[in-house]
Amino acid sequence: MKIVVCVKQIPDPASPYKLDPENHFVVRPEDQVLDDTDRYGVEVALQLADEFGDEASVTLLSMSPGGSQQGIRQALAMGADGAILVEDAGLRGADALTTSRVLAAAAKRAAADLVITGTESTDGYTGVVPQQVAELMGVPSLTFARKVEHVDGKVRIERQTQAGYDVVEGSLPAVLSVTSGVVEPRYPTFKGIMAAKSKPVETLTAAELEVTPSSGQSIVSVESVPAREAGEVIEDDGEGHLKILAKLEEVKVV
Amino acid sequence: MKTWVFSTEADGGASSSALEALTKARSFGGDLVAIHVGAGSEPALNELGAHGAATVLHLSADVSAAAIAAAMAAACETEQPDLIIFGMGNLDRDVAGRLSARLGKPVLANAVDVTVDGDSVRVANEILGGTTKVVTQFTEGAPAITITRPKAFPAEPNGGDAPTVSTLHVPDVGHAGDVVVLSSHAESAEGPDLEAAAVVVSGGRGLGGAEKFEMIAELAGLVGGAVGATRAVVDAGWVPYSYQVGQTGKTVKPSVYLACGISGAMQHLVGMKDSTTIIAINKDPEAPIFGVADLGIVGDVHNVVPALIEALKAHGS
Ligand SMILES: Cc1cc2nc3c(=O)[nH]c(=O)nc-3n(C[C@H](O)[C@H](O)[C@H](O)COP(=O)(O)OP(=O)(O)OC[C@H]3O[C@@H](n4cnc5c(N)ncnc54)[C@H](O)[C@@H]3O)c2cc1C
Ligand SMILES: Nc1ncnc2c1ncn2[C@@H]1O[C@H](COP(=O)(O)O)[C@@H](O)[C@H]1O
C-alpha cells in the first residue's frame, strides 16, 4: 500500500503576501512553510498506514519551483517515510492544471495506490487540483472528506455536504481530498524532527516527468480594491450591549 | 456566443449558483444552455427556463463526477460552447476540475465577475483578502471554464419559457467512475435560511465551546436572524458545515452581521464583508474583524451577549 500525500509549501501566512510588480505572482521566499491545510492529509496518511501495517509507506509529494525543503521537513517530522520534490524554475507561477499534471505524473511514477490532498491550499485556493489529478490519473476521487475509513480494500469517507454528509465509497487506486476537520494532526516530536533531517528527498524536474509547463491564461490588470471603512470601536464598560442595541434600533432591526 | 451553466437539483429547484450565472450570461447574448444534474423536477427545469436557459441537457443524480465530466467533454465536441460556468458546490468543483483536465483547458476559480468582449473571456478575482482585484483572460481557446463565487451576480428571472430538455449520454469511464454514495444524512440547521436572512449572528472560537451556540441561537431568534459560524468551529464539530460563512462556506450579505468571538481572518471576511452593517464583539482590540466593523465592542462575549439578550427581551416586552 503506497500512500502519496500532496503537500504544498507556501510563504508564511503570518507575514502579509505581496505580488511581484512585474509578473504579478505571489512573492515566494527561498524557504517556505508547510501549508497548515496539508497537515491533515499527512495525519490521515499516517493513520491509514498504521492500519495497513508493515507493507504500507507514506511518501510526500511537493511541487516547489524554488526548491524549498523547509515545509517538506516539517511534514517528514510528523512521520512520513520520504518525499518527492519537483523543483524546476520553469514551473514558477504554474497554474492549477500544470501543477496537477506534475503531481499526477509524479504520483503515477511512484505507483501510488492512494493520493491524498487538502481541499484547497491557503495561498492559491483554486480547490480543483485534487479533481484534476484524479482525472489525469484515470482514478476515482473521494473529495471533501471529514472522516476516512478503510474497508475491505476500499476507502469509505463521510463527504461534507450542504445538507450534512454523504457516506461515499471508492476503490483503489484513488485520490482523496480531506477537510481540516477530518483528524487532529500530531505535533512532531523532537525525535521526529531529528529523524526528518536524514529522510530521503528525491528531486525531479518537469522534463523528467514529461510535463511541459503551459499556461492558458494571462493577467490583464491588477488594481487595489478600496477598503471598507472601519467604524467606531469602544471598550466594553458594562454598557457595550446598549451600544449594540442602539445600533440595531438605528438600522431598524428592532 | 454559446454559454453553458452547470446546475444541480437543490431542494426541488435549481442551484442558486446556476440561476445567478444564467442571469449574468443573458447579458452575453447568444445561446444559453444549462447542464442539470439530479432529479430534473419540473420546478427545477422551469426555473432554469425562467432565468434564460433555452435548452437543458439533463443527467441523473447517480453518476460519478468522472462520468459527468466525460459526458460534458463529449458534448463539447459537437456543441462547441465558448464558456462554461460552474458554482462553488462540491459537485460543481468535482466536475469543473475533471472537465478542465480532460479538455486540457485551464479553469479559473473564485471568480467575482465574468466579462465577454468579442472572442475574449475574462474573469475577475479578488485576492489578498479582497484587497486586490485581478482580471485574467483565457488564452487557450474555447471553452473558457470558470467557477464563480456565490452572490457574484443577482439571480433575476426574465420570464423565459420552459426549456427544451434532452438527456445527455453518459459514457462508461471504467475505474475512474468507481465511486458509490452509500447513504445521505441531513444535519439541517434550524431557523431562517442563512443565505437569505436579513440578520446573521455568527459565532467563532472565542465562544469557547459548542454549548455556547445556544446563546447565539437565542440572540438570533430575538432579532429574527440566522446563525452562522467560522470554519474553525465547524472543523471542531461545534456546528454543521451548513453554518459556515466564508471563502469555503456561504457568502452572506445581510443588513446586519453580528460577529461574536470571531477574529476576522481574511477567509471569513470574504464571506461577509459586503453586509450592510457589521457589529463585532471581541476581547482583543487588535482583532482584524474591527477593521471592517461599523461598531466594535472590545469585550468578553460571555458578558456582552447575555446582557444584550436581556436588553432585547426587556425591549420587546
Ligand atoms: C483555504 C482556507 C479556507 C478557509 N475558509 C474559511 C471559511 O470559509 N470560513 C471561515 O470562517 N474560515 C475559513 N478559513 C479559516 C480562517 O483562516 C480562520 O482560521 C478562521 O476563520 C478562524 O475562526 P475564528 O475566528 O472562530 O477563530 P480564531 O481565529 O481563533 O479567533 C477567535 C477570536 O475570539 C476572540 N476571543 C476569545 N475569547 C473571547 C471572549 N471570551 N470574548 C470575546 N472574544 C474572544 C479572540 O480574541 C479571537 O480573535 C479558511 C482557511 C483556509 C486556509
Ligand atoms: N504545488 C503543490 N505541491 C503539492 N501539492 C499541491 C500543490 N498545489 C496544490 N496541492 C495540493 O492540492 C490541494 C488543493 O490545492 P489548490 O487546488 O491549490 O487549492 C492542496 O491542499 C494540496 O494538497
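None of these values were measured; they are calculated from a predicted model.

Rules used throughout
Residues numbered from 1 in each chain as written. Chains lettered and ligands numbered in written order. Predicted model: local features only at pLDDT ≥ 70, side-chain atom pairs only at ≥ 80, totals over all residues. Heavy atoms only, no water. Helix = DSSP H or I, 4+ residues; strand = E, 2+ residues; numbered from the N terminus. Rg over C-alpha atoms; globule rule 2.2 N^0.38 Å. Buried < 20%, exposed > 50% of the residue type's maximum accessible area, 1.4 Å probe, protein only. Contact = heavy atoms within 4.5 Å. Areas by Shrake-Rupley, 256 points an atom, 1.4 Å probe, with all protein chains shown as cover. Lys, Arg positive; Asp, Glu negative; His and termini not counted. Charge placed at Lys NZ, Arg CZ, Asp CG, Glu CD. Near = heavy atom within 4 Å. Polar contact = N/O pair within 3.5 Å; in protein donor to acceptor, adjacent residues only side chain to side chain. Salt bridge = Lys/Arg side-chain N within 4 Å of Asp/Glu carboxyl O. Phe/Tyr/Trp six-rings, centres within 6.5 Å; stacked < 30°, edge-to-face > 60°. pLDDT = per-residue confidence, 0-100. Axes fitted to C-alpha atoms, helices over the stretch in contact; angles between N-to-C directions. Parallel < 35°, antiparallel > 145°, perpendicular 65-115°, else oblique. Left-handed = near helix turned anticlockwise from the far one by under 90°. Nonpolar A, V, L, I, M, F, W, Y, C, P; charged D, E, K, R; others polar. Buried area = accessible area lost by both parts, 1.4 Å probe. Pairing = 2+ DSSP bridges. Domains from an automatic or database assignment.

**Let's talk about the overall build of chain B**
A tally of helices and strands in chain B yields 8 helices and 16 strands. Its C-alpha atoms give chain B a radius of gyration of 21 Å, within 12% of the compact-globule value 20 Å for 317 residues. Residues classed as buried in chain B amount to 56% of the 317 residues present. In chain B, 64% of the contacts between residues at least 6 apart in sequence involve partners at least 24 apart. On chain B, roughly 11,900 Å² of surface is accessible, and the fraction owed to carbon and sulfur atoms is 49%. In chain B, which carries 19 positive and 35 negative side-chain charges, the distance between the mean positions of the two groups comes to 6 Å.

**As for the site of ligand 1**
In the vicinity of ligand 1 there are 29 residues, among which R205, T230, V245, S263 and Q267 of chain B approach most closely. Each of chains A and B places residues near ligand 1. Contacts to ligand 1 include Q247 of chain B, whose backbone N or O atom sits 3.0 Å from an oxygen atom. In this structure, G261 of chain B approaches ligand 1 through a main-chain N or O atom, which is 3.2 Å from an oxygen atom. Burial of ligand 1 by the surrounding chains reaches 84%, relative to a free accessible area of 980 Å².

**Some remarks on the pattern of salt bridges**
Note on pairing: side chains with opposite charge can pair once their charged atoms come close. Throughout the structure, instances matching the rule amount to 22 salt bridges over all chains. In this structure, R146 of chain A engages E187 of chain B in a salt bridge whose closest nitrogen and oxygen atoms are separated by 3.3 Å. Remark: E187 of chain B occurs in the loop between β11 (179-186) and β12 (199-203) and R146 of chain A occurs in strand β7 (residues 141-151); the pair is interchain, linking two chains. Looking at R146 of chain A, the relative accessible area reads 24%, which means it is partly exposed. With relative accessibility at 24%, the residue E187 of chain B sits in the partly exposed group. Among the charged side chains, a salt-bridge network with shared partners connects E120 of chain A together with R93, R231 and D235 of chain B.

**What about the packing of aromatic side chains?**
Residue and element names in this part refer to chain B. Under the defined criterion, the tally for this structure stands at 1 aromatic pair over all chains. Aromatic side chains F6 and F86 sit 5.0 Å apart centroid to centroid with 35° between the ring planes, which places their arrangement in the tilted category. In this pair, F6 is assigned in strand β1 (residues 2-10) and F86 in strand β5 (residues 83-86), connecting sequence segments 80 residues apart. In this structure F6 comes out as buried when scored by relative accessible area, which is 1%. Taking the relative accessible area as the measure of exposure, F86 reaches 1% and is therefore buried.

**Examining the confidence of the model for chain B**
The predicted structure's coordinates, where accompanied by low pLDDT, should not be read in detail. Here chain B shows a mean pLDDT of 96. Residues at 70 or above account for 99%. Scoring of the predicted complex yields 0.97 for pTM and 0.96 for ipTM.

**Comments concerning the packing of helix α5 (residues 213-222) of chain B against helix α8 (residues 301-316) of chain B**
All names here are of chain B. Close contact between α5 and α8 brings their axes to 10 Å; oriented N to C, the two are set at 30°. The orientation of α5 with respect to α8, classified from their angle, is roughly parallel. Considering the relative orientation of α5 and α8, their crossing is left-handed. In this structure, α5 uses M215, E218, L219 and L222 to contact α8, whose residues at the interface are V301, H302, V305, P306, L308, I309, L312 and K313. Counted by class, the contact of α5 with α8 contains 9 nonpolar, 1 polar and 2 charged residues.

**A few points about the interface of chain B and chain A**
Quite often, the size of an interface is put as the accessible area lost when its parts meet. Contact residues are listed per partner, giving 82 residues for chain B and 74 residues for chain A. Buried surface at the junction of chain B and chain A, both sides included, amounts to about 6,800 Å², of which 56% is carbon and sulfur. By the criterion of area lost to chain A, the three top residues of chain B are R93, R98 and H175 of chain B, representing 9% of everything that side buries. Between chain B and chain A we count 7 salt bridges in total. With its nearest N and O atoms 2.8 Å apart, the salt bridge here joins R102 of chain B to E135 of chain A.

**A short note on the sheet that holds strand β13 (residues 232-235) of chain A**
Ordered in space as β13(A)-β16(B)-β15(B)-β14(B)-β12(B)-β13(B), the 6 strands form an open sheet in which the pairing is parallel. Across the chains shown, the open sheet's two edge strands, defined by having one partner strand only, are β13 of chain A together with β13 (226-229) of chain B. Here the strands of the sheet are splayed against their neighbours by 15° on average, with no regard to which way each runs. Two elements, β12 of chain B and β13 of chain B, share 4 bridges in a ladder whose sense is parallel. Bridge pairing in β13 of chain B places S202 of chain B opposite G228 of chain B.

**Some details on the site of ligand 2**
All names here are of chain A. Lining the immediate environment of ligand 2, one finds 20 residues, of which D38, M63, S121, T126 and G127 sit closest. Measuring from an oxygen atom of ligand 2, one finds a backbone N or O atom of G118 at 3.0 Å. Considered on its own, ligand 2 offers 480 Å² of accessible surface; in the complex 97% of this is hidden by protein. Of all the secondary structure elements, the ones that give two or more residues to the shell around ligand 2 are β4 (57-63), α3 (96-109), β6 (114-118) and α4 (129-137). Here the element with the most residues in the shell around ligand 2 is β4; it accounts for 3 residues.

**Side note on the domain arrangement of chain B**
All names here are of chain B. Segmentation of chain B into domains returns domain 1 (2-178) and domain 2 (199-316). Spacing between the C-alpha centres of domain 1 and domain 2 amounts to 33 Å. Of the residues lining the interface, 8 residues belong to domain 1; the matching set on domain 2 comes to 8 residues. One can count 1 salt bridge joining domain 1 with domain 2. Across the salt bridge formed by K273 and E126, the nearest N and O atoms sit 3.4 Å from each other. Where domain 1 touches domain 2, the interface holds 5 residue pairs in polar contact (both at pLDDT 80 or more). Its residues assigned to classes, the side of domain 1 that touches domain 2 comprises 3 nonpolar, 2 polar and 3 charged.

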